[in-house]
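# Notes for the structure review
Letter by letter, the chains look like this.
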Amino acid sequence: MNPTFTPAARALAVAALLALPGLAAAQNVTSDNRGLQALQNRATSLGLVATDAADAAITSQYTDARNGITHVYLCQRVQGIEVYGAVADVHLTAAGKVVSLHSSFRPGIEVLARGAAPTPGLSAQQAVGAAARALGMPAPGNLTVLKAGSAAEGMEFSNGGISLDKIPAKLMYLPLADGSLRLVWDVTLAPLSGDHYWNARVDASSGVLLDKSDFTVSDDFSMLNLTRPLTQATVAAAIKATPATPARPTAAPNSYNVWPLTIESPIHGARQVVTDPADQKHSPFGWHDTDGVAGAEYTTTRGNNVHSYDDAPNNNNASGTNYSPDGGKDLIFDYPFDDSKNAPAKKNQDLAITNLFFWNNLMHDVMAHKGFDEASGNFQAKNYSGEGKGADYVQAEAQDASTASPVRLNNANFSTPLDGGRPRMQMYLWDRSELNVAVTAPAALAGPLNALEGSLGRSLQAVGPISGKLVVADDGSAKPERGCNAPLVNAAAISGNIALIERGKCGFALKIKNAQNAGARMVIMMDSIPNSNTLTRMGGAAPDSVGLRIPSVFITKNEGEKLKIAARAGQVVTISASGEVFYRDGDFDNGIVAHEYGHGISTRLTGGPNVSCLNSFEQMGEGWSDFFALWMTTKPGDVSTTGRGIGTYASFEATDGRGIRPTRYSTDMQINPATYALLGTGSYVTAADGTNPVHAIGYIWATTLWDLNWELIAKHGYNADLKSSTGGNNIALQLVIDGLKLQPCRPGFIDGRNAILKADSVNNKAANSALIWRVFARRGMGFSASQGSSNSLTDQKIAFDMPTVVLANNKQLSAALLDVYPNPASNQVLIRTQVSSSVPVQVELVSVLGQRVFTQTISAARLQKDGLTVNTSSVAPGLYLVRLTTSEGTLTKKLLVQH
Ligand SMILES: [Ca+2]
Ligand SMILES: [Ca+2]
Ligand SMILES: [Ca+2]
Ligand SMILES: [Ca+2]
Ligand SMILES: [Zn+2]
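Starting from 1, residues in each chain are numbered consecutively following that chain's sequence as written. Starting at A for chains and at 1 for ligands, labels are handed out in the order in which the entities are written. For this predicted model, a pLDDT threshold of at least 70 governs which residues receive local features, and a threshold of 80 or more governs which side-chain atom pairs are given and counted, while totals over whole chains, interfaces and linings are taken from all residues. Excluded from the side-chain calculation are hydrogens and water; included are all heavy atoms of the structure.

## Thoughts on the coordination of the calcium ion (ligand 4)
Within the first shell, the calcium ion (ligand 4) binds the protein through Glu-618 (OE), Gln-787 (O), Ser-789 (O), Ser-792 (O), Asp-795 (OD) and Gln-796 (OE1), at distances of 2.2 to 2.4 Å. Coordinating donors are taken to be N, O and S atoms lying within 2.8 Å of the metal, or within 3.2 Å when the metal is Na, K or Ca; because water is excluded from the atom set, some sites may appear incomplete. Between 85 and 135 degrees for all angles marks four donors as tetrahedral; over 155 degrees for opposite donors together with 65 to 115 for all other angles marks four donors as square planar and six as octahedral; every other arrangement is irregular. One can describe the donor arrangement at the calcium ion (ligand 4) as octahedral, given that its 6 donor atoms subtend angles of 77 to 173° at the metal. Read in sequence order, the donor residues for the calcium ion (ligand 4) give the motif E-x168-Q-x1-S-x2-S-x2-D-Q.

## Here's the deal with the coordination of the calcium ion (ligand 1)
Coordination sphere of the calcium ion (ligand 1), protein contribution only: Asp-289 (OD), Asp-291 (OD), Val-293 (O), Gly-295 (O), Glu-297 (OE) and Glu-297 (OE), at 2.0 to 2.6 Å. Taken together, the 6 donor atoms coordinating the calcium ion (ligand 1) span angles of 52 to 169° at the metal, a pattern that classifies the geometry as irregular. All donors to the calcium ion (ligand 1) come from one chain, and their sequence spacing reads D-x1-D-x1-V-x1-G-x1-E.

## Looking at the domain arrangement of the chain
Each domain's extent is set by a domain assignment, obtained either automatically or from a database. Splitting the chain by domain gives domain 1 (7-114), domain 2 (125-214), domain 3 (228-417), domain 4 (443-572), domain 5 (613-800) and domain 6 (815-897). Domain 3 and domain 4 are separated by 45 Å when their C-alpha centres are compared.

## Looking at the nonpolar core
For soluble globular proteins, nonpolar side chains are generally found buried alongside one another. Counting residues in each nonpolar core, the largest one holds 94 residues, and the members touching the most others are Ile-601 and Phe-628. If one sorts the elements of this core by residue count, helix α14 (residues 694-716) sits on top with 12 residues. Taken domain by domain, the makeup of this core includes at least three residues from each of domain 3 (228-417) and domain 5 (613-800). Apart from residues no more than four positions distant in its own chain, Phe-628 is found in contact with Met-363, Met-367, Ala-594, Gly-598, Ile-601, Leu-733, Val-736, Ile-737 and Leu-740. Here, the term nonpolar core denotes a set of buried Ala, Val, Leu, Ile, Met, Phe, Trp, Tyr and Cys residues that are joined through side-chain atoms within 4.5 Å. Using a 1.4 Å probe on the protein chains alone, a residue whose accessible area is under 20% of its type maximum counts as buried, one over 50% counts as exposed, and one in between counts as partly exposed. Core analysis: the next-biggest nonpolar cluster, separate from the first, contains 35 residues, Ala-113, Ile-162, Ala-169 and Trp-198 among them. Numbering goes from the N terminus for both helices and strands, where a helix is a DSSP run of H or I of at least four residues and a strand is a run of E of at least two. Any two residues whose heavy atoms approach within 4.5 Å at even a single point are treated as in contact.

## Observations regarding the side chain of Asn-692
Along the chain, the position of Asn-692 falls in the loop between α13 (621-632) and α14. By relative accessible area, Asn-692 is classed as buried at 18%. Identification of polar contacts relies on pairs of N or O atoms within 3.5 Å, with a donor-acceptor requirement for protein atoms, meaning one able to donate a hydrogen and the other able to accept it, and with residues adjacent in sequence counted only if both atoms are side-chain atoms. Among the polar contacts made by the side chain of Asn-692, one reaches the side chain of Thr-686 at a distance of 2.7 Å.

## Side note on the sheet that holds strand β13 (residues 272-275)
Here a strand pair is declared whenever DSSP counts at least two bridges between the two strands. The strand order β13-β12-β15 describes an open sheet built from 3 strands, whose pairing is mixed. Here the strands that pair on one side only, and so sit at the sheet edges, are β13 and β15 (332-333). Its contacts with the sheet place helix α7 (residues 349-369) against β12 (255-258), β13 and β15, and it is angled at close to 110° to β12. In this analysis an axis means a line fitted to C-alpha atoms, helices contributing only their contacting stretch, and an angle means the value between N-to-C directions, from 0 to 180 degrees.

## Focus: the environment of Pro-662
As for its position among the elements, Pro-662 is in the loop between α13 and α14. In this structure the C-alpha to C-alpha distance between Pro-662 and Asn-672, which are 10 residues apart in sequence, comes to 8.7 Å. Each residue touching Pro-662, except ones within four places of it in the same chain, is listed here: Tyr-684 and Tyr-699.

## Brief notes about the sheet that holds strand β20 (residues 447-448)
Across the sheet, which stays open at both edges, the 8 strands sit in the order β20-β19-β26-β22-β23-β24-β25-β21 with mixed pairing between neighbours. Every other strand in the sheet has two partners, leaving β20 and β21 (452-453) as the edge strands with one partner each. Alignment of strand β22 (residues 466-472) against strand β23 (residues 498-502), held across 3 bridges, turns out to be parallel. Looking at the pairing, Val-471 lines up with Ala-499 of β23.

## Some thoughts on the pairing of β22
In terms of residue burial, β22 counts as a mostly covered element, since 5 of its 7 residues are buried. Where β22 lies against strand β26 (residues 574-585), 4 bridges are found, and the strand directions are antiparallel. Across the sheet, residue Ser-467 finds its bridge partner in β26, namely Ser-576.

Right under this line is the structure:
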C-alpha cells in the first residue's frame, strides 16, 4: 500500500475495509461464495497469482430455476476498487460442480495498481461535470445524492437536468493500452436527445475523458435520410384521401386489436383481437399492473413490463406527460388502421402505441419462460419474486421524432443500462420516395429518366413539381460540364432553369451550390462512368449545413450524355420532375420490435445483469436480435429453406423481399451462403474510423442460429406453444438463451458456439451435440476453427470439419449430414457434407438399376468448404442415389434428375 495517505485516501481505504469481503456494490448479496472460491482455487491455472483474485467481488449471481445452474459473475478489484473490463464468470451445478469458467482478470494487478494515483483529485460531482463537458453536454444543475455509497461502491445522483435518468458514478481502475492502470470515475449519462446512453470513464484527477461506451445500440439503415425535413403538405393531402373507417366489432374486456404472435407485420397477416394475453406466470397481475396487487394501476398502455407512448416530438417523455391511448376501465385497445399508402402516421398513432405495447409485453412473457426473468435482469417496474432489480420497465417510444427537427427515419434503437436502469426503445417511421423525372422534349429523347434523389438540398417532394429547360453547366474549364469553378460562366442561361452537371473533380455539394448560385431551380447530376446502371445516392453533408435549397437527382452517364449532346447542339431539352414520399411505421414491424428488445436480452444476459460487455469487435448482438425476430415470427407450416427478409414491411417490400440484410435468411445455402469466412473480408471489415459492420457480423451469426433452429425442428418437431419447453424451436431458443448466460464477456463466434454446446450438455445431457457441431461446421465454425481475438475481425481460422468423436460408431451415417441441392436437379447439382475423412471421399451417382453414372474422388476439406458441383445436364431423367464413401462411413441420399 502507498504509505503517503492523504485524508481522502484514508477514507477510501476504510470504506474498502468496511465492505464485506467478496461482495460488490451489486444487489445480489448472498452467502453463497462457491463461485468466488472456484475462481480463487483456479487462479494459478488462469495465469494469475493468488492476490489477483483475492479481492474479487461478485457483481451478480442467480440460480436458474429450470436447469439448476448457478451463474456467478465477478469483477477483479484491487485495494477495494474495481478494475474496468476485468471480469469472470463461473457456472455451477446444484451439487457445486463447475461446468464452465472464464476469466479476463489482469495478472499482477497489485503491482500495476502501485503505479496508479491512489486518490481521486475530483469529487464524484466534479467527475459528473467533467464527463458531461467531455461528452458535449451542458453542465449539470443541482446534483442531489439519490443513493449514497463509498467512492469504490459507487453512488447515484439525480439527473442534474441534463440526463434522462439518474446518474451513477463509481471509482474504478481503467487498464490503459500500455497495460498500466489509471484511477477513473465511471459515470453514466443519458443525454436528453435520446441518441446515446453514455458510460464514460474520466481521469479521476484531471477529468479528461479516457474511454466511453454507448448503452444505445442503433440500427441505422439509411443514414442519408435521417435529416431530411418532413413537409406537412403530404400529410395534409393524405388526410383528405383517407377512406372512412370501417365499423369494428366490439371487443371483450382486456383486449387488444393487433398483429399478434407470429404475425410479423401488416403484410404478413391479418390483425386480430386478442383477449387476456398476459402470461399467468410472469405477468400474474396483468400487463397494466405495477404494484403486485390485483387491479390495474394504469388503463393506458403502461404497466409492469413496458410503458409505450407517443414521442413524435422526441422529448423522450422527460416531463412524463407524453400521450398513451387509454383503454378505459375495461382495458379495450381497439383502434382503426388506415393502411392507405399515404396515410399520415398520426392517424394510426393509437394503434401504433398499442401494437408496440403488445409486442414488448409478448417479448417479456415469452422470454421469461426461456429464462430471461427477474433474477437474470429482465425489464420490470416491480419484481414480484424480489430477485434482481426492478424499476426498469421498457420505455417504448412510438413514431419517435416524426415531427421533430431534425426528423429521424429508417431506424430503431434500444438502450440497455445495467439492471435497475430503464431501457428505451425508439421506433421510427420509414420513408420511401417515388420520383417521376422525365424528358418532355425533344420528342426523340422524351420518356422517363432513371433517377435517384440523395440527401443534399431539399427533396422534390418538399419543393413540389418542377418543369423547365435543361442547361448544361459551363464553368469555363476544359471539362466545363463538371461545374466545379464558381461562378459558372453561363449563369445567365442557367438562371431559372434546370442545370445538367457531370460527376467528377469536386464534390456533389459544391456542384449543386454553384448551380444554385447561378439561379438554377434544380440540378440533374449525370454519372461520369460509362455504361454503369448504378445510381449514386448523393450525400455527404446535412442539407442545411451547406446551404442547399434546390432539389437534385442523379442519372446515368449514358442517359445524361444524350441530353448533353442535344442541349449543346442547340435543341431545347425540357424536363419535368416531381417526387412524393410515403411512410411506414416501424411500430407495426413486429420483427423490428423483437429485434430491438433482443438487444436488451443479449446485453443483460452476457456477463450478468450488472455488467455491460457486448463491446468486442466480433460480438454477435445484431445476430441474436435477428434470430429472436425470426423465431418469434415463425408460423406453423413454415419451411427452413424459405427465404426470410428482416424489415420487409418497413422497407416497402413484399414478404419475400430481401429486407435490410445482405441476403434473406434461409437454411438453403443458394439463398443464404453466409459463413464465418466472410468475417474480415469485403464489407465485413472494420472501417477506417474504427466502427464495425455490426449488422453484417450479426447476419452471419443469426444465419447459424437459424440453421440450428431448423435442424432441431427437423429432429424434435415444431411446437406452436412458444412458452413450452418441448419442440425443436423451443429447445433451440432455450439453448441460445442459456448460451448467452454461459458465454464470457466480450465474446466472439467460437465463444458463442462453445456456450451453446455447453448449454446442450447442461440442459439435454449433450443429446444434440452432433447436430450442433454439424450446424456450426457447415457455416465455417467447425471443430478446427478458432476465433483468434474476439477483438479482431481478421485473425480467425475457418474450418468446416466435425470432431471425429461425433462421427464415431456410425458406419451408415445420417442422411442429414449430406446436402444435395437443388433436388430435383436439372443441369447441375451441388453435393456437400461436413463429415471428415482421413482418405479422399468417393462421390458417386448411382441409378436405380445400380448403374454408376458419375464418380469422382475429392478431399474432405473441399467437400466441407465448397462442396462438389456435378454436371447433370447429360444425365438421363430419373431417380438416382448420391453415395459418399468416407473413412468414417457412407452417406446416401436420393436425387431426382429432371430436364
Ligand atoms: Ca395492481
Ligand atoms: Ca425518443
Ligand atoms: Ca430488472
Ligand atoms: Ca477474431
Ligand atoms: Zn440491432
